[in-house]
Amino acid sequence: MDLTLFTYPWDISRVGPERYVEEVAALGVTAVAVATVYHSAEVITPRWSSDALITAEPGVAHLPLPAASFDDIRPPEGSLARDEPDLYGRLTRAANAAGLTVTGWTVALHQTTLATEHPELAIRTCHGDVNTHGLCPANPRVARYVEDLAGAIAATGLFDTVLLESIAYLNVGHGHPHELWAARLDPVTKALFSLCFCEHCLRRADDEGIDGESVREWVAQELDRGWNGPLSVVREDDDGTEALGVLVGNDELLAYVQMRLGVVADLARVAVSKVHEGDATAALSSAVWARPLWTSWMQGVDPGRLGGIADVYGLQAYYPETGLVAREIDHALRFVPAEKLLLMQTLMRGHHRSLSDLIGKVDLAVEAGVRSFSLYNYGMAPTPVLEWVRGVAEHLGTRSG
């Protein structure tokens, strides 16, 4: 059994890498996953009496990455990379001495900074508007950025595994900054509004014999009808079940959606090969915002293809209800073998009422053949919830009682 604890680098910096490793090793984890390039966030760190609210530097690399590793665009260098250039090296040395492995958790296309500075690389809606928190995976410059990023992280030699998150088309709805919506944005409406129609997506569609421009026009007209028509205010929101009817009733739309699955899979395949060149294990995660797993197509993510490309496939089954976690695992097993699955769970009181609740979800996966688990994350967990890590470790046998 493997048990990974996710951690932000600023929390490791606060306690020191050596002390951090000593603390988490005592909890019984077998691995730590540390963010290398991350998106914008405000994080409450409840175990500290000062600086309890952390505002992350958006879209920066928190460790030094040589400029020569990137042919074109690159993530900005963050303050930790400048002020503590050996932070990750110290972490890896301490982890290895304690018998722990280290994962470089790397956010790829969820990149507000680069999408804002280079709007020509960002996702574009049917109206031509820029989605400023997502880079488009069909854009050749973006694809090269992801390839360079994956290679640069692996080439540091600091990580046993590189986990690539957000190789996907990101949905609208960032959550940061303040978003104001009065129009309906249920699953089908969000999926349509999130479709990218940049020149590169339209070109890929044309190459595959799809009339992307007619799809764009239909989506724009359908959004206008759904938002401004006479039924727009009184109708019930879609619960996600309308998606199938919309797709099977529009051949060109279905083909366009399927085209996006190929775009993401092609990019993931190249990124994974760069990780392997660095002698690291390559992990991919399920869609970050299109949950549950059976809606991941809304972000261009095909679990079967990505599960076949990666060495490890992370399943973010973040639900309070045990039955929904079971449903997510069961659906994943249709496409990904159990030995490749990493069941990801949070250390959030909103998802688990107790340690036994969390262990019950872990047990579901164990019974299904899953052997790898992760908990998110070290800095965000209140004191009693962090102790759940020890309980899970003892239950899995990664730590003796």
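Above this text sits the structure in question.
The rules behind these values
Residues numbered from 1 in each chain as written. Predicted model: local features only at pLDDT ≥ 70, side-chain atom pairs only at ≥ 80, totals over all residues. Heavy atoms only, no water. 1 Å grid on protein atoms, 1.4 Å probe; cavity = no way out; pocket = protein on both sides within 12 Å on 5 of 7 lines; lining within 4 Å. Points joined across faces, edges and corners; volume = space filled by probe spheres on them. Helix = DSSP H or I, 4+ residues; strand = E, 2+ residues; numbered from the N terminus. Nonpolar A, V, L, I, M, F, W, Y, C, P; charged D, E, K, R; others polar. Phe/Tyr/Trp six-rings, centres within 6.5 Å; stacked < 30°, edge-to-face > 60°. Buried < 20%, exposed > 50% of the residue type's maximum accessible area, 1.4 Å probe, protein only. Pairing = 2+ DSSP bridges. Right-handed = clockwise from strand over helix to strand, strands pointing away. Salt bridge = Lys/Arg side-chain N within 4 Å of Asp/Glu carboxyl O.

Visitor: Give a description of empty space enclosed by the protein that names residues and reports values.
Guide: A complete count under the given rule lists 2 cavities of 30 Å³ or more for this structure. Counted as a void, the largest cavity has a volume near 70 Å³. Along the walls of the largest cavity sit Val 188, Ala 191, Leu 192, Leu 195, Ala 243, Val 246, Leu 247, Leu 253, Val 257 and Trp 297, which together make up its complete lining. At the level of secondary structure, the elements contributing two or more residues to the lining of the largest cavity comprise α7 (187-194), α10 (242-248) and α11 (251-277). A per-class count over the lining of the largest cavity returns 10 nonpolar, no polar and no charged. By volume, the second largest cavity amounts to about 50 Å³. As for the second largest cavity, its lining consists of 13 residues, and the residues nearest its centre are Ser 166, Ile 167, Ser 285, Val 301 and Leu 306. Elements supplying a minimum of two residues to the lining of the second largest cavity: β8 (161-165) and β9 (281-285).

Visitor: Give a description of the packing of aromatic side chains that names residues and reports values.
Guide: Each aromatic ring pair is characterised by the separation of its centres together with the angle its planes make. This structure, assessed with the given rule, holds 15 aromatic pairs. On the basis of an interplanar angle of 70° and a centroid distance of 6.3 Å, the ring pair of Trp 10 and Tyr 38 is categorised as edge-to-face. Of this pair, Trp 10 sits in helix α1 (residues 9-15) while Tyr 38 sits in the loop between β2 (31-37) and β3 (42-44), placing them 28 residues apart in sequence. Note on accessibility: Trp 10 and Tyr 38 belong to one class, buried. In this structure an aromatic cluster arises from ring pairing among Phe 6, Tyr 8, Trp 10, Tyr 38, Trp 105 and Tyr 376.

Visitor: With reference to specific residues and values, describe the pairing of strand β10 (residues 312-316).
Guide: Buried residues dominate β10, accounting for 4 of its 5 residues. In the sheet, β9 pairs with β10 via 3 bridges, with the strands oriented parallel. Bridging across to β10, Ser 285 finds its partner in Gly 314. Sheet topology places β10 next to strand β11 (residues 341-346); 4 bridges connect them, and they run parallel. In the strand pairing of β11, Tyr 313 is matched with Leu 341. In this region the chain leaves β10, passes through helix α13 (residues 322-332) and returns to the parallel neighbour β11; the handedness of that crossover is right-handed.

Visitor: Could you give me a rundown of the pattern of salt bridges, with the residues and numbers involved?
Guide: Enumeration according to the criterion identifies 20 salt bridges in this entry. Across the salt bridge formed by Glu 120 and Arg 141, the nearest N and O atoms sit 3.2 Å from each other. Of this pair, Glu 120 sits in the loop between α5 (112-117) and β6 (122-124) while Arg 141 sits in helix α6 (residues 140-155), and the two are 21 residues apart along the sequence. Owing to a relative accessible area of 31%, Arg 141 belongs among the partly exposed residues under this scheme. Asp 148 is paired through a salt bridge with Arg 144; the nearest N and O atoms lie 3.0 Å apart. Residue Asp 148 and its partner Arg 144 are both found in helix α6; the two are separated by 4 residues, about one turn of the helix.

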